[in-house]
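This is what each chain is made of:
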Amino acid sequence: MIREKTGAGVNLSFPGKVLARQLGRRVRPRSQRTVKTLSEGDEHGRSRNLVIEGDNLQALASLYRERGQIDTILTDPPYNTGGDFRYNDKWDKDPNDPDMGEFVGSDDPAKHTKWMKFMYPRLQMMRAMLKPAGVLAICIDSRELFHLGQMLDELFGEENRLAIINWQKSYSPRSDNRHVSTATEYVLVYAKDERLAKTGLQPRTASMDARYRNPDGDTRVWKGENFSGPKALTHQGMVYGIQSPFTGDIHYPPSGKCWRGPQVDALRWLSDWGVEYELREVSDAETRAAIVGVPAGEVRKVKAVMLKADLATAQLAAEARRRAGDWPRLVFGLDGLGRPQQKKYLEDVKQGRVPMTYWADDDVDEPDVLGDVSWDHEESGHSQSGVNELTAVVGAGHGFETVKPMKLMTKLIQIWCPPNGTVLDPFAGSGTTGHAVLKLNHDQGTDRRFILVEQGRPENGDSYAKTLTVDRLRRVIGGGWAKKKHAPLGGGFTFKTLEKKVDAKTLLLMERDEMIDTVIASHSSTGSRRSAVLIPLSDKDDEPYTYLVAKNASNEGIYLVWSGADSNTDLTEEAYEAITEEADKAGLAEVYHVYSRRNLLVTDDVVWYQIPDRILSDFGLDVRTESFTEEG
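All of the points below concern the structure found in this document. Given the structure is predicted, the values throughout are model-derived calculations rather than measurements.

## Topic: the overall build of the protein
Thought 1: Regarding its fold elements, the protein presents 19 helices and 29 strands.
Thought 2: Across the 632 residues that make up the protein, the buried fraction comes to 52%.
Thought 3: Across the protein, contacts joining residues at least 24 apart in sequence account for 72% of those joining residues at least 6 apart.
Thought 4: For the protein, the accessible area works out to roughly 29700 Å², and carbon and sulfur atoms hold 48% of it.

## A word on the sheet that holds strand β29 (residues 606-610)
Thought 1: Across the sheet, which stays open at both edges, the five strands sit in the order β23-β24-β25-β27-β29 with mixed pairing between neighbours. Of all strands in the sheet, those with a lone pairing partner are β23 (535-536) and β29, marking the two edges.
Thought 2: Bridge count between β23 and strand β24 (residues 548-551): two bridges; the pairing is antiparallel. Along β24, the bridge assignment pairs Pro-536 with Ala-550.
Thought 3: Lying on the sheet, helix α18 (residues 573-586) is in contact with β24, β25 (557-560), β27 (592-596) and β29; it crosses β27 at an angle near 135°.

## Concerning the nonpolar core
Thought 1: Core analysis: the biggest nonpolar cluster contains 85 residues, and Leu-123, Leu-148, Met-151, Leu-152, Val-187 and Val-189 have the highest contact counts within it.
Thought 2: Take this core: its biggest share by element is nine residues, from helix α5 (residues 111-129).
Thought 3: Leaving out residues up to four positions away in the same chain, Leu-152 has contacts with Leu-123, Leu-136, Ile-138, Gly-157, Leu-188 and Tyr-190.
Thought 4: If you look at the next biggest cluster of nonpolar residues, it comprises 22 residues, including Val-275, Val-302, Ala-314 and Leu-330.

## Some remarks on the packing of helix α2 (residues 17-26) against α5
Thought 1: Two numbers describe how α2 lies on α5: the axes approach to 8 Å, and their chain directions differ by 40°. Judged on the interaxial angle alone, α5 and α2 are oblique. Judged by the twist between their axes, the crossing of α2 over α5 is right-handed. On the side of α2, the interface is formed by Lys-17, Ala-20, Arg-21, Leu-23 and Gly-24, while α5 contributes Lys-117, Tyr-120, Pro-121, Gln-124 and Met-125.

## Some thoughts on the environment of Phe-619
Thought 1: With respect to the helices and strands, the residue Phe-619 is situated in the segment after α19 (613-618).
Thought 2: For the pair formed by Phe-619 and Arg-67, sequence separation is 552 residues and the distance between their alpha carbons is 10.0 Å.

## Considering the environment of Arg-598
Thought 1: Secondary-structure assignment places Arg-598 in strand β28 (residues 598-599).
Thought 2: Separated by 27 residues in sequence, Arg-598 and Leu-571 place their C-alpha atoms 6.3 Å apart.
Thought 3: Beyond its immediate sequence surroundings of up to four residues, Arg-598 is in contact with Thr-569, Asp-570, Leu-571 and Trp-608.

## Here's the deal with the pairing of β24
Thought 1: Examined bridge by bridge, β24 and β25 share three bridges and lie antiparallel to one another. Following the sheet pairing, Leu-548 is matched in β25 by Tyr-559.
Thought 2: Counting the residues in the hairpin turn of β24 and β25 gives five residues, including Asn-555, whose phi is positive at 60°.

## A short note on helix α17 (residues 512-522)
Thought 1: Of all eleven residues making up α17, nine are buried, and the element is well covered by its neighbours.
Thought 2: Of the residues making up α17, those classed as buried are Arg-512, Glu-514, Met-515, Asp-517, Thr-518, Val-519, Ile-520, Ala-521 and Ser-522.

## Here's the deal with unusual backbone geometry
A negative phi angle is the norm for most residues apart from glycine, just as the trans form is the norm for most peptide bonds.
Thought 1: Across the junction of Ile-611 and Pro-612, the peptide omega takes the value 10°, indicating a cis bond.
Thought 2: With respect to the secondary-structure elements, Pro-612 resides in the loop between β29 and α19.
Thought 3: A positive phi angle, near 75°, is found at Lys-231, a position not held by glycine.

## A look at the packing of aromatic side chains
Thought 1: In the structure shown here, the tally under the stated rule is eleven aromatic pairs.
Thought 2: Residues Phe-118 and Phe-427 carry aromatic rings whose centres are separated by 6.2 Å and whose planes lie at 55° to one another, so their mutual orientation is tilted. Remark: Phe-427 occurs in the loop between β20 (422-425) and α14 (432-444) and Phe-118 occurs in helix α5; sequence separation between them is 309 residues. Comparing Phe-118 with Phe-427 shows no difference in burial state: the two are buried.
Thought 3: Joined through ring pairs, the aromatic side chains of Phe-227, Trp-259 and Trp-269 make up one cluster.
Thought 4: Seen from the ring of Phe-156, Arg-127 lies directly overhead, with NZ or CZ sitting 5.9 Å from the centre.
Thought 5: Seen from the ring of Tyr-345, Arg-220 lies directly overhead, with NZ or CZ sitting 3.6 Å from the centre.

## A look at a negative patch on the surface
Thought 1: Taken together, the side chains of Glu-573, Glu-577, Glu-581, Asp-584 and Glu-590 define an acidic patch exposed on the protein surface.
Thought 2: Note that Glu-581 resides in helix α18.

## Quick word on the sheet that holds strand β10 (residues 222-226)
Thought 1: Judged by pairing direction, the sheet is antiparallel, and its three strands sit side by side in the order β10-β18-β17 without closing on themselves. Each end of this open sheet is capped by a strand with a single partner; those strands are β10 and β17 (330-331).
Thought 2: Pairing geometry for β17 and strand β18 (residues 341-345), over two bridges, is antiparallel. Opposite Val-331, over in β18, you have Gln-341 as the bridge partner.

## Section: the pattern of salt bridges
Thought 1: For the structure shown, the criterion picks out 25 salt bridges.
Thought 2: For the salt bridge of Arg-33 with Glu-499, the shortest nitrogen-to-oxygen distance reads 2.6 Å. With Arg-33 in strand β1 (residues 30-34) and Glu-499 in strand β22 (residues 492-501), this residue pair connects regions lying 466 residues apart in the sequence.
Thought 3: Owing to a relative accessible area of 35%, Arg-33 belongs among the partly exposed residues under this scheme.
Thought 4: Given the relative accessible area of 28%, Glu-499 is considered partly exposed.
Thought 5: Arg-122 serves as the salt-bridge partner of Asp-55, at 3.1 Å between the closest nitrogen and oxygen. Within this pair, whereas Asp-55 is found in the loop between β3 (50-53) and α4 (56-62), its partner Arg-122 is found in helix α5, the two being separated by 67 residues in sequence.

## Points about the side chain of Lys-114
Thought 1: Mapped onto the elements of the fold, Lys-114 is located in helix α5.
Thought 2: You can call Lys-114 buried: its relative accessible area is 19%.
Thought 3: Dropping the residues within four chain positions of it, Lys-114 is found in contact with Phe-85, Tyr-87, Asp-89, Val-104 and Asp-108.

## As for helix α6 (residues 145-156)
Because the α-helix completes a turn every 3.6 residues, residues three or four places apart line up on one side.
Thought 1: The end-to-end C-alpha distance of α6, which contains twelve residues, comes to 16 Å, matching closely the 16 Å that a straight helix rising 1.5 Å per residue would cover.
Thought 2: Of the positions making up α6, those classed as buried are Leu-145, Leu-148, Gly-149, Met-151, Leu-152, Leu-155 and Phe-156. For α6, the arc enclosing every buried residue in end-on projection is 165°, short of the 170-degree limit, so these residues lie on one face.
Thought 3: Lining the buried residues of α6 we find α5, β7 (130-140) and β9 (184-191).

## Side note on the side chain of Arg-30
Thought 1: Along the chain, the position of Arg-30 falls in strand β1.
Thought 2: No salt bridge is formed by the buried Arg-30. Its closest oppositely charged neighbour is Asp-55, at 7.7 Å.
Thought 3: Only 3.1 Å separates the side chain of Arg-30 from the backbone oxygen of Glu-499, close enough to count as a polar contact.
Thought 4: Ignoring anything within four residues of it in the chain, the contact list for Arg-30 reads Gln-58, Ser-62, Asn-96, Leu-498, Glu-499, Lys-500, Lys-501, Val-502 and Phe-619.

Definitions and cut-offs
- Residues numbered from 1 in each chain as written.
- Predicted model: local features only at pLDDT ≥ 70, side-chain atom pairs only at ≥ 80, totals over all residues.
- Heavy atoms only, no water.
- Helix = DSSP H or I, 4+ residues; strand = E, 2+ residues; numbered from the N terminus.
- Buried < 20%, exposed > 50% of the residue type's maximum accessible area, 1.4 Å probe, protein only.
- Contact = heavy atoms within 4.5 Å.
- Areas by Shrake-Rupley, 256 points an atom, 1.4 Å probe, with all protein chains shown as cover.
- Pairing = 2+ DSSP bridges.
- Axes fitted to C-alpha atoms, helices over the stretch in contact; angles between N-to-C directions.
- Core = buried A, V, L, I, M, F, W, Y, C linked by side-chain atoms within 4.5 Å.
- Parallel < 35°, antiparallel > 145°, perpendicular 65-115°, else oblique.
- Left-handed = near helix turned anticlockwise from the far one by under 90°.
- Phe/Tyr/Trp six-rings, centres within 6.5 Å; stacked < 30°, edge-to-face > 60°.
- Lys NZ or Arg CZ within 6 Å of the ring centre and 35° of its normal.
- Patch = residues over 30% accessible without salt bridge, like charges linked within 9 Å, V, L, I, M, F, W, Y side chains within 5 Å.
- Salt bridge = Lys/Arg side-chain N within 4 Å of Asp/Glu carboxyl O.
- Lys, Arg positive; Asp, Glu negative; His and termini not counted.
- Charge placed at Lys NZ, Arg CZ, Asp CG, Glu CD.
- Expected span 1.5 Å × (residues − 1).
- Arc of directions from axis to C-beta.
- Polar contact = N/O pair within 3.5 Å; in protein donor to acceptor, adjacent residues only side chain to side chain.

Structure follows, in structure tokens:
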């Protein structure tokens, strides 16, 4: 408020912004019902990966256990093209209103305001979901680019903007454009904390490695690297003359640059040519001052690295060394007539490449920042390839005209999600993000997990979360693509739908199957909300357990004493005896995590969770007021 009143900085303002800022705290979490018939894959995949059907704002509120645990959010929200998102004015007062609202048309005079009111609370929630080192990569086109950037600058801070990626969505001009044919879209990349975030490297290519050779017979392959670097003004001691033993010319760094090595290193490397060198004062103050960018009288006095013997003697020695091979670290081109270069050995190069400018660019040395970059369609894929990929998997008639290409999504995941990290996509669409995670896990032996949220268009009976998204993931997991068989990617996922609002009254009226899903969705076995992935359990003899519902990573059972609101809901000695028998039958540890209404037993091997208080707490709700607790 002070900044806005005093005019400090750049401020974003739009009608309804105050209410939009409050929506994320007022939306209610929902219970999640598992749909086994729509789930797929092996036990490991099912326990880790989620596809959630429902409103993404409600879903993010319901994923409170994951809050602060997500490595990467990669998503493709509606671009406000007309008819691609809904807005209900009642949400301004109650974000839990069940009416989905009307589609916002391209001719709606308030379309930008509605889009921002729609996106702002979702962006707030996305930021809250990220780890301190987490990264958000969000796709957008020119329609809302500036509005989205302003909101992200405000929510994340301009200093945490890692990149504005400009990727080539098409490679031929469209004839229906009146002015300029649009060939690019954007990915805005923000870190929760730029100091903690890590940007990974892209794999090196064969053409990059082919630049490294050993023309001098060196035992290691190398290429000549520019011996100059930035920051001459602050490194004036490394702005000095270097005399070539081949030509006698005195070389200096380019304007504003300094040499990468100090004089002591340069002396040693140059002496390896079989030539004597020394540090000697020369009348080069004006030359050095011009390079540094200061008046001649203010430049530091620095000696040059000069030949000690006469030039003719130096030339004979250096040429003999050049013919002998295995040259020193500092070279003057392959023929001895170039500027100073440093040997850069392939084995010393990072086994990857930094993503900047075009992805086709090779050998970026040490960029200070990632910056604004452009990616060719050959590096990121293009929109039509995304559609073709989807058609190849599920067949024609899916109705999607714009689909992000797999190349783009896999590259973003590789760069900003660690090999065992979690990727969240709140606007999952056809499931490209999930497909990309499964493919990377299969191809690289990684173990990333995904959480996808998609609502689809239930008003048309077309909740493509249940149809298209699930169909695509199932086909790539099993290899049964529509056009021809492919290698199965393996993995799996659990499908869940959002149902009732979570509050004490609703919890106490739940049937057992509803309570099982709610416990598994909310369970956290520690004081912190760490990601407590549970593996649901059922008896192999098709006779369901009475109490056992899941196990955790420590092979400890999760037990639920709940047969419905009006029946067995208390942990008694009889229930405890049955729980220990079920644990022994399932081969689980003798630590029992038990949910019940009351606990009528005291024993050291039971970790007890009271219904409904513990469940409310694990959904981030205050037990007394049932409002979200204020954190972060």
